[in-house]
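Here are the chains, one letter per residue:
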Amino acid sequence: MTNDPADLTSADYLDGAREMHAAGRPYLAHLLAEEAAQHTTDLATAHSIRAQYPHPTTRKD
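Remember, it's a predicted structure, so these values are computed and weren't measured experimentally.

Draft legend 1. Quick peek at the side chain of His-30. Relative to the elements of secondary structure, His-30 occurs in helix α2 (residues 26–38). For His-30, a relative accessible area of 15% corresponds to the buried category. Setting aside anything within four residues of it in sequence, one finds His-30 in contact with Tyr-53, Pro-54, His-55 and Pro-56.

Draft legend 2. Local environment of the packing of α2 against helix α3 (residues 43–52). Look at α2 against α3: their axes get within 8 Å of each other, and the N-to-C directions meet at 175°. Classified by the angle their axes make, α2 and α3 are roughly antiparallel. Across the interface between the two elements, Ala-33, Glu-34, Ala-36, Ala-37 and Gln-38 from α2 touch Ala-46, Ile-49 and Arg-50 from α3. Taken together, the residues that form the contact of α2 with α3 break down as five nonpolar, one polar and two charged.

Calculation criteria
- Residues numbered from 1 in each chain as written.
- Predicted model: local features only at pLDDT ≥ 70, side-chain atom pairs only at ≥ 80, totals over all residues.
- Heavy atoms only, no water.
- Helix = DSSP H or I, 4+ residues; strand = E, 2+ residues; numbered from the N terminus.
- Buried < 20%, exposed > 50% of the residue type's maximum accessible area, 1.4 Å probe, protein only.
- Contact = heavy atoms within 4.5 Å.
- Axes fitted to C-alpha atoms, helices over the stretch in contact; angles between N-to-C directions.
- Parallel < 35°, antiparallel > 145°, perpendicular 65-115°, else oblique.
- Nonpolar A, V, L, I, M, F, W, Y, C, P; charged D, E, K, R; others polar.

If you want it as structure tokens, here you go:
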């Protein structure tokens with residue numbers, strides 16, 4: 001991992017999202033996943049990332 005945020009990759013952000021999800025921090029997981037999606041050039045991959053880590057206040061009624 002790097003200390004310079006400009007050097008972080010989509011994979012780095014996604015790893016962080018997984019760690020935050022495992023730690024029970026869904027909002028941080030969502031934010032990191034959103035950064036991962038924004039750093040991804042493939043739209044289908046970005047959509048998949050966002051679907052895996054939806055905003056924690058989003059309701060599915």
